[in-house]
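Chain and residue survey
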Amino acid sequence: MSERIPITFACEDYDHVRDLASGVVTVEGVALTVVHHPVEELFFRFTRFREWEVSELSLAKYSSLRAAGDSSLVAIPVFTSRAFRHSAIFVRSDGPIDQPEALRGARIGIPEWTVTATVYARGLLAEDHGVAVDGVSWIQAGTNEAGRVEGVAVQLPEGVALTPRPDATLNDLLIAGEIDAVIAPHPPRGFEDGSGRIVRLFSDPRSVEQAYFARTGVFPIMHVVAIRADVYERQRWLAMNLLTAFTQAKRRSVERALDFNAPRVPVAWAPAHAQSVRELMGEDLWPYGIKPNRPTLETFLRWAHEQGVCARALEVEELFAPEVRETFRI
């Protein structure tokens with residue numbers, strides 16, 4: 001292609017997209033500009049205003065829009081953020097540490113119903129610990145700043161109670177005893193400040209999360225890469241060309257993480273840790289594409305529908321552009 005189309009991609013500043021941002025990896029046919037913002041800002045701006053041609057986006061918000069019939073975006077199976085979410089459940093230091101079943105009938109705070117981390121946490125609490133979604137009183141508020149509201153409208157399942165508290169923060173409500181737990185990807189201030197007032201529900205979340213992966217094969221996906229449909233329809237080749245470039249950049253990032261000769265991450269034993277993760281999770285530490293992520297995506301979509309995040313049950317393939325659902329073989 002002699003003429004490259006200008007595309008702006010907005011995302012957090014991740015190592016696995018670094019080579020795209022720097023231009024070391026290029027997208028065939030595209031003059032790519034990469035801009036970085038915190039994810040909360042990205043989601044707010046892209047959901048409301050569609051400011052960029054391509055953006056990182058919450059898997060829950062994107063799935064919710066698709067299930068509601070919104071076809072203004074189309075995703076590719078590039079997952080910029082993934083994280084196990086047992087570690088995203090917080091209680092007071094005098095709360096039910098390592099007793100998730102004690103949250104049956106509790107008051108639990110969330111920043112938004114459609115935050116992807118809350119979908120996974122609600123699902124695992126219900127499925128593994130008997131904390132039914134309709135057996136909890138849910139409180140919605142900003143984690144550390146008052147005034148946060150839902151970014152996407154949802155119809156909650158029958159029997160589920162959600163009370164907005166725009167006047168308060170989840171951090172303050174938990175410390176004051178007005179709620180019993182918080183589910184949030186960004187920890188409450190009372191946890192981050194080292195005061196010990198707020199702790200994780202699971203005292204050893206890494207062990208719990210590793211056992212969960214070994215049992216289920218689920219490596220929770222938080223964010224996808226979404227393309228504005230008007231841009232995609234003009235250049236249908238863009239989806240696969242982007243996927244190819246993202247995959248190359250991620251491969252280079254993983255190689256850096258595993259480099260024992262000249263460690264690239266300023267953390268002692270970082271390559272050894274990456275190698276131990278590979279032994280647990282497989283050769284590809286951070287897989288893109290549909291096939292290796294099907295167990296995770298199917299689990300997420302099932303929970304999202306059960307929780308009212310998705311108005312109807314979605315099949316995995318419905319999330320992604322047809323061009324990236326399969327690839328050629330030689």
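Described below are features of the structure shown in this document. Everything numeric in this text was worked out from a predicted model, so none of it was measured.

Definitions and cut-offs
- Residues numbered from 1 in each chain as written.
- Predicted model: local features only at pLDDT ≥ 70, side-chain atom pairs only at ≥ 80, totals over all residues.
- Heavy atoms only, no water.
- Axes fitted to C-alpha atoms, helices over the stretch in contact; angles between N-to-C directions.
- Helix = DSSP H or I, 4+ residues; strand = E, 2+ residues; numbered from the N terminus.
- Left-handed = near helix turned anticlockwise from the far one by under 90°.
- Contact = heavy atoms within 4.5 Å.
- Nonpolar A, V, L, I, M, F, W, Y, C, P; charged D, E, K, R; others polar.
- Phe/Tyr/Trp six-rings, centres within 6.5 Å; stacked < 30°, edge-to-face > 60°.
- Buried < 20%, exposed > 50% of the residue type's maximum accessible area, 1.4 Å probe, protein only.
- Pairing = 2+ DSSP bridges.
- Parallel < 35°, antiparallel > 145°, perpendicular 65-115°, else oblique.

Observations concerning the packing of helix 3 (residues 59-67) against helix 11 (residues 294-306)
- Relative orientation of the contacting elements helix 3 and helix 11 amounts to 65°, with a least axis distance of 11 Å. Of the two elements, helix 3 crosses helix 11, and the hand of that crossing is right-handed. Along its contact with helix 3, which presents Leu59, Ala60 and Ser63, the element helix 11 presents Leu297, Phe300 and Leu301.
- Taken together, the residues that form the contact of helix 3 with helix 11 break down as five nonpolar, one polar and no charged.

Quick look at the packing of aromatic side chains
- Overall, the coordinates contain twelve aromatic pairs when judged by the stated rule.
- Residues Phe44 and Phe49 carry aromatic rings whose centres are separated by 6.3 Å and whose planes lie at 75° to one another, so their mutual orientation is edge-to-face.
- Classification of Phe49 by relative accessible area gives exposed; the value is 52%.
- Ring centres of Phe84 and Phe213 lie 6.3 Å apart, and the angle between their planes is 85°; this geometry places the pair in the edge-to-face category. A residue pair is termed long-range when its members are at least 10 positions apart, and Phe84 in the loop between strand 4 (73-82) and strand 5 (89-92) and Phe213 in helix 7 (residues 205-216) qualify at 129 residues. For the pair Phe84 and Phe213, one class covers both residues: buried.
- Through successive ring pairs, a cluster of aromatic residues spans Phe84, Phe213, Phe219 and Trp286.

Quick look at the sheet that holds strand 6 (residues 107-110)
- A sheet is described by the order of its strands in space; here six strands give the open sequence 8-7-6-9-5-10, paired in mixed fashion. Taken across any chain shown, the strands that pair with only one partner, and hence form the sheet edges, are strand 8 (161-169) and strand 10 (198-200). Strand-to-strand twist of the sheet, defined as the mean angle between neighbouring strand axes without regard to direction, takes the value 30°.
- Both strand 6 and strand 7 (residues 137-142) contribute to a ladder of four bridges, which runs parallel.

So, the sheet that holds strand 1 (residues 5-11)
- Pairing is mixed in the open sheet, where five strands are placed in the order 2-1-3-11-4. Of all the strands in the sheet, just strand 2 (30-36) and strand 4 have a single pairing partner and so form its edges. In this sheet, neighbouring strand axes are inclined to one another by 30° on average, regardless of whether the strands run parallel or antiparallel.
- Bridge analysis of strand 3 (residues 54-58) against strand 11 (residues 221-228) gives five bridges, and the strand direction is antiparallel. Counterpart to Ser55 in the pairing with strand 11 is Ala226.
- Each of strand 1, strand 3, strand 4 and strand 11 is contacted by helix 2 (residues 39-49), which is oriented at about 110° to strand 3, the strand it contacts most.
- Lying over the sheet, helix 9 (residues 238-257) contacts strand 1, strand 2, strand 3, strand 4 and strand 11, oriented at roughly 10° with respect to strand 4.

Looking at the packing of helix 4 (residues 116-129) against helix 11
- Running from N to C, helix 4 and helix 11 cross one another at 85°; their axes reach a closest spacing of 9 Å. It follows from the interaxial angle that helix 4 and helix 11 lie roughly perpendicular. Together, Thr116, Val119, Tyr120, Gly123, Leu124 and Glu127 of helix 4 and Thr296, Phe300, Arg302, Trp303 and Ala304 of helix 11 make up the contact between the two elements.
- Here the contact of helix 4 with helix 11 is built from residues that sort into six nonpolar, three polar and two charged.

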